[in-house]
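Notes for the structure review
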Amino acid sequence: VAASRINGLVLQPGQGISVDAAILPRTKANGYGLGNAIIDGEFIKVVGGGICQVSSTLNNAVLRAGIIPTERHNHSQRVSYLPSGLDATISAGQMDYQFINTLQYPIYISATTVNGVLTVAFYSNSAALNGLTYKTEVAGSGQKNTTYIVGYQNGVEVGRFPAYSSSYKK
């Protein structure tokens, strides 16, 4: 449900997105079912639980576009579906995931699930990244680390910059 709410969104240059607002309140009336959420260090089933897989997968698409999120929070403990430092948790009205399209062209967000596999991809003008490709690199331990965006031109590293830091209890 959360993926369908961001699927097809187009962000113009300079336009931002709040994932918390885009996916609507996590209620049964809005189509959400039960899923896992971390509450006080425990995994508990709640309506709308599991949506952090959407915000985390979106986070990785954002980083691979060379964009630093304007608001991102890591989970209190490491999650099984992504390496430490690449997750992005949200909690209604408390923690959001936000970014601004810093490219000179619009970004079309594709967010789809097939057989339980979530894919988030960005589409834009072929000149949007000026021939650069971006990868992520996480430095530090599994419990405390910094995530870097590393830029490559023709396979050669041309720059790296820190996107954010993470700290986990477990």
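Let us look at the structure shown here. (Residues numbered from 1 in each chain as written. Predicted model: local features only at pLDDT ≥ 70, side-chain atom pairs only at ≥ 80, totals over all residues. Heavy atoms only, no water.)

Quick word on the nonpolar core
Going by this rule: Only buried residues count toward a nonpolar core. Its members are Ala, Val, Leu, Ile, Met, Phe, Trp, Tyr and Cys residues joined through side-chain atoms within 4.5 Å. For the exposure calls, accessible area comes from a 1.4 Å probe over protein chains only, and a residue counts as buried if that area is under 20% of its type's maximum, exposed if over 50%, partly exposed in between. The helix count covers DSSP runs of H or I at least four residues long, the strand count covers runs of E at least two residues long, and both are numbered beginning at the N terminus. Only heavy atoms matter for contacts: two residues are in contact if any of them lie within 4.5 Å across the pair.
In this structure, I6, I23, L58, Y97, F99, I109 and F122 are the most contacted members of the largest nonpolar core, which totals 27 residues. Counting residues per element, the ones that place at least two in this core are helix 1 (2-6), helix 3 (52-64), strand 6 (107-114) and strand 7 (117-123). Looking at this core, the element that brings in the most residues is helix 3, giving 5 residues. Setting aside residues up to four positions removed in sequence, I6 forms contacts with I17, A22, I23, V54, L58, I109 and A111. Judged by nonpolar contacts, the second largest core, of 7 residues, contains L63, L86, Y134 and A163.

Here's the deal with the side chain of S84
Put simply, the test is: Under the rule applied, a polar contact is a pair of N or O atoms within 3.5 Å (in protein, one hydrogen donor and one hydrogen acceptor; residues adjacent in sequence only if both atoms are side-chain atoms).
Inspection of the secondary structure assignment puts S84 in the loop between helix 3 and strand 5 (98-100). A relative accessible area of 17% places S84 in the buried class. There is a polar contact of 2.6 Å between the side chain of S84 and the backbone oxygen of G142. One polar contact links S84 to N145, side chain to side chain, over a distance of 2.8 Å. In this structure S84 touches R78, V138, S141, G142, N145 and Y168, once residues within four positions along its chain are discounted.

Focus: the pairing of strand 6
Our working rule: Two strands make a pair as long as DSSP finds a minimum of two bridges between them.
Two elements, strand 1 (residues 10-11) and strand 6, share 2 bridges in a ladder whose sense is antiparallel. By the bridge assignment, V10 is partnered in strand 6 with Y108. In this structure, strand 6 lies alongside strand 7, joined through 7 bridges in antiparallel fashion. Residue pairing across strands places Y108 opposite Y123, the latter belonging to strand 7. Adjacent in sequence and paired antiparallel, strand 6 and strand 7 are bridged by 2 residues, among which N115 carries a positive phi angle near 50°.

A few points about the environment of T57
Tracing the backbone through its elements, the reader meets T57 in helix 3. The class of T57 is partly exposed, set by a relative accessible area of 21%. With 41 residues separating them along the chain, T57 and Q98 place their C-alpha atoms 13 Å apart. Setting aside anything within four residues of it in sequence, one finds T57 in contact with L118 and V120.

A short note on the packing of aromatic side chains
As a reminder, the rule being used: Aromatic contacts are taken between Phe, Tyr and Trp rings whose centres are within 6.5 Å, Trp giving its six-membered ring; a plane angle under 30 degrees counts as stacked, one over 60 as edge-to-face, and the others as tilted. Two thresholds decide whether a charge sits over a ring: the Lys NZ or Arg CZ must be within 6 Å of the ring centre and within 35 degrees of the ring normal.
Under the counting rule described, the total for this entry stands at 3 aromatic pairs. An angle of 50° between the planes, with centres 6.3 Å apart, marks the rings of Y97 and F99 as tilted. A residue is classified by how much of its surface remains accessible, and Y97, at 0% relative accessible area, is buried. Judged by relative accessible area, F99 falls into the buried class, the value being 1%. In this structure an aromatic cluster arises from ring pairing among Y97, F99 and F122. Here the basic side chain of K135 rests over the ring of Y152, its NZ or CZ set 5.3 Å away from the ring centre.

A few points about the pairing of strand 4 (residues 42-47)
Here is the key point about a regular strand: its side chains alternate between the two faces of the sheet. Looking at chain direction, strand 3 (residues 34-39) and strand 4 are connected through 6 bridges and run antiparallel. When the sheet's bridge partners are listed, L34 is paired in strand 4 with V47. Hairpin connection from strand 3 to strand 4: 2 residues lie between these consecutive antiparallel strands, with D40 at a positive phi of about 55°.

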